[in-house]
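Coordinate inspection notes
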Amino acid sequence: MAKKNLGEMSFLDHLEELRWLLVRSTIATMIMAFVTYFISDYLFDKIILGPTRPTFFTYVWFCDLSHQLGFADSICITQLNFIIQNTEMEGQVNIFVWMCLLAGFILSFPYILWEIWKFISPALYEKERKNAKVFIFTSSLLFFLGVLFGYFVVIPMSVNFVATFSVSDVVKNQFTLDSYMGMVKTSILGSAIFFELPIAIYFLTKLGLVTPEFLRKYWKYAVIIILIIAAIVTPPDVVSQTIVAIPMLLIYEVSILISKIVYRNKMKENV
């Protein structure tokens, strides 16, 4: 079916386009999830469960950093006193399917962005439509950076915090597989979505829903929220909290800069 111009499309036509967007995106995710099946052993044992071991890259890097800063072994993580267990009959099967789907979604994200761009492009100006490659590349890059940040920073810090926190020596940590995987999904997707903030601010500013003055006005509240998040997911030391907070603050500052550029261009076009 030939694609209609925006002015010719009815509400039902838009719903039909959206339906096919979701169908094609779902198929792409399923295909990539099927691909991950063939590396599932490596995916689960080395990647997903990697942060549960003291030999994980982030823990080793923190220990090296501790020595370089003259803190000795103060932030070295040499053991993680907990076990992960499955308590449901079909628990491991469900986790296997959902984590493959998560990996499939991450791998197919650039294609999903392309589908979203095709859906919204009729509402854009001609010069904006030509920026499809820039939009997809930038959004994908930010998304994957967010995934890496969640995996190498947020997850290890969260695991270390819950593994070392105890209300009493009598209580032993035995986490369920479902709760651990839930934390992994939340950390990765949450970080990836947060790293898309500059893209979201770009479009919100284009629509006139956000201004750089608004973002700057509430900057101190954003800083407080980011510092609270960093304090929650990291051990109680300044180095760890700073490592988590700085990239998030930089993302917010970049969003303000983007908003300024877009707002200034809008003002020039209205003159």
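Residues numbered from 1 in each chain as written. Predicted model: local features only at pLDDT ≥ 70, side-chain atom pairs only at ≥ 80, totals over all residues. Heavy atoms only, no water.

1. Focus on the pattern of salt bridges
Once the charged atoms of two side chains with opposite charge are near each other, the side chains can pair. Our working rule: The working definition used for a salt bridge is a side-chain nitrogen of Lys or Arg within 4 Å of a carboxyl oxygen of Asp or Glu. Numbering goes from the N terminus for both helices and strands, where a helix is a DSSP run of H or I of at least four residues and a strand is a run of E of at least two. Exposure classes here rest on a 1.4 Å probe applied to the protein chains alone. A residue is buried below 20% of its type maximum, exposed above 50%, and partly exposed in between.
For the structure on display, the rule yields five salt bridges. Ionic pairing is found between Glu-115 and Arg-24, a salt bridge with its closest N-O pair at 3.0 Å. Separated by 91 residues along the polypeptide, Glu-115 in helix 5 (residues 109-120) and Arg-24 in helix 1 (residues 11-37) bring together distant segments of the chain. By relative accessible area, which is 2% here, Glu-115 ends up buried. The class of Arg-24 is partly exposed, set by a relative accessible area of 29%. Sharing partners across several salt bridges, the network here consists of Arg-24, Glu-115 and Lys-118.

2. Topic: helix 2 (residues 40-48)
To keep things clear, this is the line we draw: The arc under discussion is defined with respect to the helix axis, by the directions toward the C-beta atoms.
Listing the buried residues of helix 2 in full gives Ser-40, Leu-43, Phe-44 and Ile-48. Along the axis of helix 2, the buried positions cluster into a sector of 85°, meaning they face one direction only. Pointing more than 90 degrees away from the buried face of helix 2 are the exposed residues Asp-41, Tyr-42 and Lys-46.

3. A closer look at a nonpolar patch on the surface
Rules: To count toward a patch, a residue needs a relative accessible area above 30% and no salt bridge. Like charges then connect within 9 Å, nonpolar side chains (Val, Leu, Ile, Met, Phe, Trp, Tyr) within 5 Å. For accessible areas, the Shrake-Rupley method is used with a probe of radius 1.4 Å. Any residue's cover is judged against the shown protein chains and nothing else.
A cluster of nonpolar residues, Phe-34, Tyr-37, Phe-38, Ile-39, Tyr-42 and Ile-47, forms a patch on the protein surface that exposes about 680 Å² of accessible area. Elements that contribute at least two residues to the nonpolar patch include exactly helix 1 and helix 2. Tracing the backbone through its elements, the reader meets Phe-38 in the loop between helix 1 and helix 2.

4. Quick word on the UniProt feature "transmembrane region" (unreviewed entry) in the protein chain
Applicable threshold: UniProt positions are given in the numbering used here, feature names are shortened, and annotations may be inferred rather than shown by experiment.
As recorded in UniProt, the sites labelled "transmembrane region" (unreviewed entry) are residues 21-39, 95-114, 134-163, 183-205, 217-236 and 242-263. End-to-end, the C-alpha atoms of residues 21-39 are 28 Å apart, and along that stretch the chain is 89% helix and 0% strand. Secondary structure content for residues 183-205 is 96% helix and 0% strand, while the C-alpha to C-alpha distance between its ends is 32 Å.

5. Focus on the environment of Tyr-252
As a reminder, the rule being used: Working rule for contacts: check all heavy atoms of both residues, and any pair within 4.5 Å makes them a contact.
Structurally, Tyr-252 can be placed in helix 12 (residues 238-270). Sequence separation of Tyr-252 and Val-223 is 29 residues, and the distance between their C-alpha atoms is 9.0 Å. Here Tyr-252 is in contact with Leu-197, Leu-215, Tyr-218, Trp-219 and Ala-222, once residues within four sequence places are set aside.

6. Quick notes on the nonpolar core
The nonpolar side chains of soluble globular proteins are, as a tendency, buried together. Keep this limit in mind: What makes a nonpolar core is a set of buried Ala, Val, Leu, Ile, Met, Phe, Trp, Tyr and Cys residues whose side-chain atoms join them at distances within 4.5 Å.
Judged by nonpolar contacts, the single largest core of 33 residues is most densely connected at Phe-44, Ile-48, Leu-80, Met-99, Val-159 and Met-181. Among the elements of the structure, helix 2, helix 4 (91-107), helix 5, helix 7 (132-164) and helix 8 (177-195) are those that each provide at least two residues to this core. Residue contributions to this core peak at 10 residues, all from helix 7. Look past the residues within four positions of Phe-44 in its chain and what remains in contact with it is Leu-49, Ile-95, Phe-96, Met-99 and Met-181. Listed in part, the 12 residues of the second largest apolar core include Phe-62, Met-157, Ala-230 and Ile-251.

7. A word on the environment of Phe-144
Residue placement: Phe-144 occurs in helix 7. With a relative accessible area of 30%, Phe-144 lands in the partly exposed category. It is 9.2 Å that separates the C-alpha atoms of Phe-144 and Leu-107, two residues lying 37 residues apart in sequence.

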